Every structure is written in C-alpha cells, then in structure tokens.
Amino acid sequence: MKLVIDGVEVYYNSIPALRGASFEAQGGEVVAVIGPNGAGKTTLLRAIASIVKPLRGAIYIDGRLVNSVPPKERGKLIALVEPSISRSIPSSVLEFLLTARYPYSKLYSFTPSKRDLEVIDIIAKKLNITHLLNRRLDELSSGEFQRVLIARALIQEPRVLLLDEPTAFLDIKYRLEVMELVRYVTKEQRIISITAIHDVYLASLYADKVVLLSNGVIVAAGKPEDVFREELIENVYGVKVQILNIGDRRIVIPIQLLNNGQPT
Ligand SMILES: Nc1ncnc2c1ncn2[C@@H]1O[C@H](COP(=O)(O)OP(=O)(O)O)[C@@H](O)[C@H]1O
Ligand SMILES: [Mg+2]
C-alpha cells in the first residue's frame with residue numbers, strides 16, 4: 001500500500017496554510033508530522049482526509065485520487081481522529097463505536113451486521129476497552145476516551161489512520177501508551193498512520209518517518225536520522241535541543257529557549 005502527497009497547497013481566505021507539501025508513505029509506516037503551533041499540521045491531515053480541498057496538488061492511495069472517491073467509500077480508506085471531538089455525547093461507548101461502521105452500512109438500514117459486531121469485538125479486545133463498552137462516553141477518563149477514539153477509527157477499517165494531537169491532554173504514561181498503541185496497530189494491520197504531534201521528543205521515540213512543517217512548508221521529510229538534526233530542529237522551534245542516540249533511536253530532548261530565554 002502506498003500514500004502519495006503531491007504538491008498540496010491549501011489556502012484559507014487567500015492566506016497560504018500549506019505550500020507545496022509532498023511526501024510518500026508505505027503500509028506499516030508510523031509517520032509523525034511535527035512542527036510548532038500554526039505550522040500547518042492539522043491542515044495537512046484535513047487535506048489528506050478531504051475535509052479541506054487543496055487549491056493545487058493531489059493525494060493518492062494506491063494510485064486512486066482520494067478527492068474523487070465518494071465520501072462513504074472514502075471512509076473505508078481514511079479515518080481521522082480530531083482532538084475537538086466532544087465527550088459529552090449522551091451515548092454509550094458501544095453506540096459511539098457502531099457509528100464508525102457507516103461506510104459499510106446498506107442504504108436506509110442501520111442494523112449492525114454480524115461483521116460489524118465482530119470487528120468491534122476484535123478491536124475492543126486489542127485496545128483493551130471491552131470493559132468500557134457499556135459505559136457512557138462522558139464517564140471516561142481522558143486516557144480511556146483517547147483509546148476509544150482510536151478504536152473507533154480502527155473499527156472503520158481504514159488503510160490510512162490520521163491522528164491529530166492524540167496525546168495533547170494526557171500525562172506522560174498515557175502519552176507513551178497512546179503512541180505505543182498507534183505503533184502496534186500500524187505494524188499489525190500494515191496500515192499507514194500519520195500522527196500530528198507538536199512534541200518532538202515523543203515523535204522521536206516512535207516515528208519511522210518524520211515530516212517537519214514550518215510556516216506551511218515541509219522543511220524536511222524522511223528518516224528520523226535525517227530530520228532530527230540539532231540545527232534543523234533549533235531553527236524551526238527556536239529551542240536548543242540535545243540529540244541522544246539510545247538503541248537505534250535518536251531522541252530529541254528540548255533543553256532551553258534559544259536567545260537566552262529572551263522573547264524573540
Ligand atoms: N479554518 C481556518 N481559517 C483560517 N485560517 C486557518 C484555519 N485553520 C487554520 N488556519 C491557519 O492556518 C495555519 C495553519 O494552521 P494549522 O493547520 O491548524 O496548524 P497546526 O495544526 O500545525 O497548529 C495557521 O496560521 C492557522 O491560523
Ligand atoms: Mg493542529
């Protein structure tokens with residue numbers, strides 16, 4: 001499986017948010033999209049999911065132009081987990097998960113099929129949320145809710161899983177848990193996962209491929225060793241970093257603000 005992002009440009013009211021973004025990813029790859037606030041990470045994910053329409057450029061999954069796939073059919077290719085989803089939906093976890101099967105439903109009918117329930121059962125076991133199925137969404141902790149959101153996206157059985165800041169509200173243990181989960185399902189299901197994350201340290205722990213955005217431009221994309229270079233990260237984030245080689249990983253540790261902590 002292959003995802004190709006080719007020269008994608010997105011504007012909001014004639015202001016560019018993404019300029020000529022290009023990169024590729026293969027099945028089984030964990031891709032991290034990093035960059036400071038406002039760099040264009042969310043815009044990139046939304047362009048891949050066809051929520052925002054690029055002015056120029058194209059996105060292909062296995063040679064198919066994503067924008068031309070009908071929305072229901074597109075749901076079988078791509079799932080996006082956005083951070084803004086409200087937890088105050090008055091439904092049970094199971095009801096919420098069932099809505100992810102919409103792309104597989106027949107016209108005018110939504111009685112869950114045997115297959116729908118099977119998929120939910122398998123994913124729920126994998127993500128350790130079986131005990132939560134009858135709980136209400138608004139009763140879950142942030143960590144549990146994040147697992148449910150990722151489960152819901154996987155229950156859609158997408159080829160490409162997009163996650164926008166999935167760790168933003170979590171403490172360090174749950175941050176690691178979410179990223180390990182993303183890595184595990186990406187490898188096990190041979191899908192492509194693309195996680196937007198502002199935390200370079202976390203990205204450096206888990207990514208196979210890194211896309212570094214700055215002001216709407218991809219300034220580097222490739223293997224972690226090519227992107228996690230002190231000078232590059234320092235220029236983009238304005239933060240002094242140290243890069244540690246631990247095992248086969250390059251771990252990026254933010255040390256202090258550049259400029260001696262003076263505001264720039
Ligand atoms: N709906 C919108 N309308 C206008 N400008 C937007 C909209 N969404 C994002 N932007 C702008 O586009 C740029 C990129 O935003 P975004 O993709 O959300 O960045 P990130 O996710 O990296 O923080 C920012 O300058 C932001 O202010
Ligand atoms: Mg964002």
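Residues numbered from 1 in each chain as written. Chains lettered and ligands numbered in written order. Predicted model: local features only at pLDDT ≥ 70, side-chain atom pairs only at ≥ 80, totals over all residues. Heavy atoms only, no water.

*Asks:* Please give an account of empty space enclosed by the protein that cites residues and values.
*Replies:* For the structure on display, the rule yields 1 cavity of 30 Å³ or more. Roughly 40 Å³ of internal volume is contained in the largest cavity. In this structure, the largest cavity is lined by E165, T167, A168, R175, I197, H198 and D199. (1 Å grid on protein atoms, 1.4 Å probe; cavity = no way out; pocket = protein on both sides within 12 Å on 5 of 7 lines; lining within 4 Å. Points joined across faces, edges and corners; volume = space filled by probe spheres on them.)

*Asks:* Explain the packing of helix α5 (residues 142-155) against helix α6 (residues 172-188) to me, and be specific about the residues and the numbers.
*Replies:* The interhelical angle for the contact between α5 and α6, taken along N-to-C directions, is 15°, at an axis separation of 10 Å. Comparing their axes, α6 and α5 come out roughly parallel. Here α5 runs over α6; the crossing is right-handed. Where α5 abuts α6, its residues G143, Q146, R147, I150 and L154 lie against Y174, E177, V178, L181, V182 and V185. (Axes fitted to C-alpha atoms, helices over the stretch in contact; angles between N-to-C directions. Helix = DSSP H or I, 4+ residues; strand = E, 2+ residues; numbered from the N terminus. Parallel < 35°, antiparallel > 145°, perpendicular 65-115°, else oblique. Left-handed = near helix turned anticlockwise from the far one by under 90°. Contact = heavy atoms within 4.5 Å.)

*Asks:* Go over the nonpolar core, please, and point to the residues and values.
*Replies:* Across soluble globular proteins, nonpolar side chains have a tendency to be buried as a group. Residues L97, L127, V148, I150 and L154 are the most contacted members of the largest nonpolar core, which totals 33 residues. Elements that contribute at least two residues to this core include exactly β6 (78-81), α3 (93-98), α4 (114-126), α5, β7 (160-164) and α6. Looking at this core, the element that brings in the most residues is α5, giving 8 residues. Setting aside chain neighbours within four positions, we find L97 in contact with I120, I129, L133, V148, A151, R152 and I155. (Core = buried A, V, L, I, M, F, W, Y, C linked by side-chain atoms within 4.5 Å. Buried < 20%, exposed > 50% of the residue type's maximum accessible area, 1.4 Å probe, protein only.)

*Asks:* Break down unusual backbone geometry for me, citing the residues and quoting the values.
*Replies:* Notably, S50 is not glycine yet its phi reads approximately 60°, a positive angle. With respect to the element layout, S50 can be found in the loop between α1 (41-48) and β4 (56-61).

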